[in-house]
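The residues making up each chain are set out below.
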Amino acid sequence: VDQLFPVASQYREDGYVVLDGLLTAQECDELRQRMSEIVDRMDVPEHCRTTFSTYHDEQLKTQGNADYFITSGDKIRFFFEKGVFDDKGEFIVPKQRSVNKVGHALHAYEPLYKKVTHSPNVQGIAKKLGLSTPVILQSMYIFKQPGIGGEVTPHQDATFLYTEPLGRVMGLWIALEDATVNNGCLWFIPGSQNSGISRRMVRTPEGTFPLTDFIGREQTYDEEKFVPTPVKKGGVVLIHGEVVHRSAENMSEDSRHVYTFHIMEAQETRWSPDNW
């Protein structure tokens with residue numbers, strides 16, 4: 001955490017910043033090993049085998065129609081890569097390679113993840129960035145599987161984690177392995193957090209389908225404005241809730257495991273009841 005400052009000004013200017021060495025290599029390996037055990041034990045009913053996507057129409061078709069997704073905020077749930085099931089819903093790739101992410105309450109129910117999420121280093125980051133009443137909104141383990149890890153299209157986290165006023169949410173994206181251009185590191189448009197958000201994901205009225213819908217559409221962004229952001233194992237990216245970012249498919253032979261969670265400044269902030 002000593003390297004943090006004047007990182008706060010860079011975070012405010014660019015909407016993101018990389019810090020090396022938040023976790024040790026051993027801590028990263030322990031989190032990965034624990035997740036391997038969790039996936040080995042998973043038993044997901046066929047009707048809950050939800051594919052995770054960031055494409056607008058696919059989100060409505062999968063997450064938007066899945067109670068398994070909409071009720072995952074306070075549970076540990078499994079979401080899968082595209083193309084890992086046959087037409088009967090059976091796995092056609094090994095189970096360990098099929099998972100796209102696990103979320104969204106690892107920080108609440110898994111001791112190792114809870115320890116990292118509430119660590120003195122994380123508390124120090126929040127304090128130095130001026131958060132007076134930080135609360136954890138949700139957490140995810142993201143695999144970015146070798147060869148099949150899917151693209152994450154350009155988006156803003158505040159689309160899904162909407163607050164009034166905006167600007168109260170920050171993501172911490174911790175690389176448990178080296179995140180490189182080859183295996184799907186994040187790409188950002190620096191300064192894009194200053195233009196508001198172009199769409200919101202909201203709950204629909206009870207008893208209607210899909211269970212979520214979007215207000216607005218994602219903008220089309222100039223590809224040349226995106227800057228790659230490699231991160232070494234144990235490093236963290238601080239992500240402003242409104243900065244535009246994406247990641248490419250992982251066509252390499254190396255996985256890109258990440259533990260990520262979002263913090264909200266709760267003081268004088270309204271968490272939208274329409275959020276999923």
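Chains are numbered independently. Their residues run from 1 in the order of the written sequence. Per-residue local features of the predicted model are confined to residues with pLDDT of at least 70, and side-chain atom pairs are confined, for both listing and counting, to 80 or more; whole-chain, interface and lining totals are unaffected and use all residues. Where side-chain values are given, they derive from all heavy atoms of the structure, hydrogens and water being excluded.

With an unreviewed UniProt entry as reference, the protein is termed Phytanoyl-CoA dioxygenase domain-containing protein 1, source organism Amphiprion ocellaris. UniProt positions are given in the numbering used here, feature names are shortened, and annotations may be inferred rather than shown by experiment. What UniProt records for the protein under Sequence similarities (unreviewed entry) is the sentence "Belongs to the PhyH family. PHYHD1 subfamily." Per UniProt, the protein has the following entry under Cofactor (unreviewed entry): "Fe cation".

**Student:** In this structure, what is going on with the overall build of the protein? I would like to understand it.
**Tutor:** A run of DSSP states H or I qualifies as a helix once it reaches four residues; a run of E qualifies as a strand once it reaches two. Both are numbered from the N-terminal end. Counting secondary structure elements, the protein contains eight helices and 16 strands. The buried share of the protein, taken over its 276 residues, is 53%. Sequence-distant contacts, at least 24 apart, represent 82% of the contacts inside the protein between residues at least 6 apart. Accessible surface, the protein: about 12800 Å² in total, of which carbon and sulfur atoms supply 50%. A simple rule labels every residue: compare its accessible area, found with a 1.4 Å probe on the protein chains alone, to the largest value its type can have, and call it buried under 20%, exposed over 50%, or partly exposed in between. Here, residues are in contact when the closest pair of their heavy atoms is within 4.5 Å. Using a 1.4 Å probe, the Shrake-Rupley method yields the accessible areas, and only the shown protein chains count as cover for residues.

**Student:** It is not clear to me how the environment of Lys144 should be interpreted in this structure. Could you clarify?
**Tutor:** Mapped onto the secondary structure, Lys144 falls in the loop between β5 (134-142) and β6 (152-155). Sequence separation between Lys144 and Ala179 is 35 residues; the distance between their C-alpha atoms is 10.0 Å.

**Student:** It is not clear to me how the pattern of salt bridges should be interpreted in this structure. Could you clarify?
**Tutor:** Between side chains of opposite charge, a pair can form when the charged atoms approach closely. A carboxyl oxygen of Asp or Glu within 4 Å of a side-chain nitrogen of Lys or Arg is what we treat as a salt bridge. Enumeration over the complete set of coordinates arrives at eight salt bridges. Arg270 serves as the salt-bridge partner of Glu164, at 3.3 Å between the closest nitrogen and oxygen. Of the two residues, Glu164 is situated in strand β7 (residues 163-164) and Arg270 in strand β16 (residues 270-271); the sequence distance between them amounts to 106 residues. Note on Glu164: relative accessible area 35%, which makes it partly exposed. Given a relative accessible area of 42%, Arg270 falls into the partly exposed group. Residues participating in the shared-partner salt-bridge network are Arg34, Glu37 and Glu110.

**Student:** Which parts of the structure should I look at to understand the sheet that holds strand β12 (residues 227-229)?
**Tutor:** Sheets are built from strands paired through backbone hydrogen bonds, the pairs being either parallel or antiparallel. The four strands are arranged β6-β14-β9-β12 in an open sheet whose pairing can be described as antiparallel. Only two strands of the sheet have a single partner each, and these edge strands are β6 and β12. Strand-to-strand twist of the sheet, defined as the mean angle between neighbouring strand axes without regard to direction, takes the value 25 degrees. Pairing geometry for strand β9 (residues 186-188) and strand β14 (residues 245-247), over three bridges, is antiparallel. Pairing of Trp187 across the sheet is with Arg246, part of β14. We call two strands paired when DSSP finds no fewer than two bridges between them. To get an axis, fit a line to the C-alpha atoms, keeping to the stretch in contact for a helix; angles then go from 0 to 180 degrees between the N-to-C directions.

**Student:** How should I be thinking about helix α1 (residues 7-14) in this particular structure?
**Tutor:** Each α-helix turn comprises 3.6 residues. Residues three or four places apart therefore point the same way. Inspection of α1 places Val7, Ala8, Tyr11 and Asp14 among the buried residues, and these make up the whole buried set. The arc enclosing the buried residues of α1, seen along the axis, measures out at 150 degrees, which places them on a common side. In α1, the exposed residues that point more than 90 degrees away from the buried face are Arg12 and Glu13. Of the surrounding elements, those touching the buried residues of α1 are β1 (16-19), α8 (120-128), β8 (169-175) and β13 (236-240). Arc definition: it is the arc formed by the directions from the helix axis to the C-beta atoms.

**Student:** Help me understand the confidence of the model for the protein, please; the structure alone is not making it clear to me.
**Tutor:** Close inspection of predicted coordinates is inappropriate in any region flagged by low pLDDT. In this model, the protein carries a mean pLDDT of 87, and residues with pLDDT of at least 70 account for 84%. Looking at any residue, its pLDDT shows the predictor's confidence there, from 0 to 100. Counting contacts from residues 59-65, a segment whose pLDDT is below 50, to residues more than four positions away or on other chains yields 25 contacts.

**Student:** I'm lost on the environment of Lys232 in this one. Help?
**Tutor:** In this fold, Lys232 is placed in the loop between β12 and β13. Measuring from C-alpha to C-alpha, the distance between Lys232 and Ala175 comes to 6.7 Å, with 57 residues separating the pair along the chain.

**Student:** I would appreciate a short explanation of the packing of aromatic side chains in the present structure.
**Tutor:** Pairing of aromatic rings covers Phe, Tyr and Trp, the last through its six-membered ring, and needs centres within 6.5 Å; plane angles under 30 degrees mean stacked, over 60 mean edge-to-face, and all others mean tilted. Per the counting criterion, the structure on display carries seven aromatic pairs. Both rings, one in Phe160 and one in Phe214, keep their centres 6.4 Å apart while their planes meet at 80 degrees; by these two values the pair is edge-to-face. On the criterion of sequence distance, the pair formed by Phe160 in the loop between β6 and β7 and Phe214 in strand β11 (residues 212-216) is long-range, its members being 54 residues apart. When its relative accessible area of 15% is taken as the criterion, Phe160 is described as buried. Residues Tyr221 and Phe226 carry aromatic rings whose centres are separated by 6.4 Å and whose planes lie at 85 degrees to one another, so their mutual orientation is edge-to-face. Chaining the aromatic ring pairs together yields one cluster made of Tyr113, Tyr141, Phe143, Tyr259 and Phe261. Working rule: Lys NZ or Arg CZ, within 6 Å of ring centre, within 35 degrees of ring normal, means a charge sits over the ring. It is Lys101 that lies over the ring of Phe79; its NZ or CZ is 5.2 Å from the centre.

**Student:** Would you take a moment to explain the environment of Pro205 for this structure?
**Tutor:** Counting through the fold element by element, Pro205 comes out in the loop between β10 (199-203) and β11. Overall, the relative accessible area of 60% leaves Pro205 in the exposed class. Measuring from C-alpha to C-alpha, the distance between Pro205 and Asp274 comes to 9.5 Å, with 69 residues separating the pair along the chain.

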